[in-house]
Amino acid sequence: MEDLTRFFNALSKDFQMAIEGDYTELLYQIFKSHVTQLYDEIIPFPDWTGAKRSYWIDFMSAGVFEVWLMWIKNGQKESIEEIKALIRLFHK
């Protein structure tokens, strides 16, 4: 979660430009590749192969990305701690 926070804090201006320029899909693909790497490092999926693993990563990365993206789109009104708590809650 801390890595995600640093990622989105550091790139929030870039995300704002991506939103305005309508190229968030490119950022999502970069984000998803990092999420895949993160899951492979911290959560080995020995019995999660093929479609099961692929769709899990699609589901989790898309959801987390969208929460952060909407937070930035909405002017970052909630605190970073609130967003982190929501993502933790949704991840359970």
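The rules behind these values
Residues numbered from 1 in each chain as written. Predicted model: local features only at pLDDT ≥ 70, side-chain atom pairs only at ≥ 80, totals over all residues. Heavy atoms only, no water. Helix = DSSP H or I, 4+ residues; strand = E, 2+ residues; numbered from the N terminus. Rg over C-alpha atoms; globule rule 2.2 N^0.38 Å. Buried < 20%, exposed > 50% of the residue type's maximum accessible area, 1.4 Å probe, protein only. Contact = heavy atoms within 4.5 Å. Areas by Shrake-Rupley, 256 points an atom, 1.4 Å probe, with all protein chains shown as cover. Lys, Arg positive; Asp, Glu negative; His and termini not counted. Charge placed at Lys NZ, Arg CZ, Asp CG, Glu CD. Expected span 1.5 Å × (residues − 1). Arc of directions from axis to C-beta. Axes fitted to C-alpha atoms, helices over the stretch in contact; angles between N-to-C directions. Parallel < 35°, antiparallel > 145°, perpendicular 65-115°, else oblique. Left-handed = near helix turned anticlockwise from the far one by under 90°. Nonpolar A, V, L, I, M, F, W, Y, C, P; charged D, E, K, R; others polar. Polar contact = N/O pair within 3.5 Å; in protein donor to acceptor, adjacent residues only side chain to side chain.

Caption draft 1: Highlighting the overall build of the protein. The helix and strand inventory of the protein stands at 4 helices and 0 strands. Its C-alpha atoms give the protein a radius of gyration of 14 Å, near enough to 12 Å, the size a compact globule of 92 residues would have. Classification of the 92 residues of the protein by burial places 28% in the buried group. Here the analysis covers contacts within the protein between residues at least 6 apart in sequence; of these, 57% occur between residues at least 24 apart. Counting every atom, the protein has about 6,100 Å² of accessible surface; 60% of that belongs to carbon and sulfur. One way to put it: in the protein the 10 positive side-chain charges average out to a point 4 Å from where the 14 negative ones average out.

Caption draft 2: Highlighting helix α4 (residues 80-91). The end-to-end C-alpha separation of α4 is 16 Å, in line with the 16 Å expected for 12 residues at 1.5 Å each. Taken residue by residue, α4 has I83, K84 and I87 as its buried positions. Down the axis of α4, the smallest arc covering the buried residues is 100°, so these residues share one side.

Caption draft 3: Local environment of the packing of helix α3 (residues 50-73) against α4. Axis separation between α3 and α4 bottoms out at 11 Å; the angle between their running directions is 160°. The angle between α3 and α4 falls in the class roughly antiparallel. Considering only the axes of α3 and α4, their crossing is right-handed. Every residue of α4 that contacts α3 at W56, M60, V64, V67, W68 and W71 is listed here: I80, I83, K84, I87, F90 and H91. Of the residues belonging to the contact of α3 with α4, the class tally is 10 nonpolar, 1 polar and 1 charged.

Caption draft 4: Highlighting the side chain of S61. Considering the arrangement of structural elements, one finds S61 in helix α3. At 3.4 Å, the side chain of S61 forms a polar contact with the backbone oxygen of D58. Setting aside residues no more than four positions away along its own chain, S61 makes contact with Y28, F31, K32 and V35.

Caption draft 5: Focus on unusual backbone geometry. With phi around 60°, D22 is a residue other than glycine that occupies positive phi space. Located in the positive-phi region is Q76, a residue other than glycine, with phi close to 50°. Within the secondary structure, Q76 is located in the loop between α3 and α4. Owing to a relative accessible area of 34%, Q76 belongs among the partly exposed residues under this scheme.

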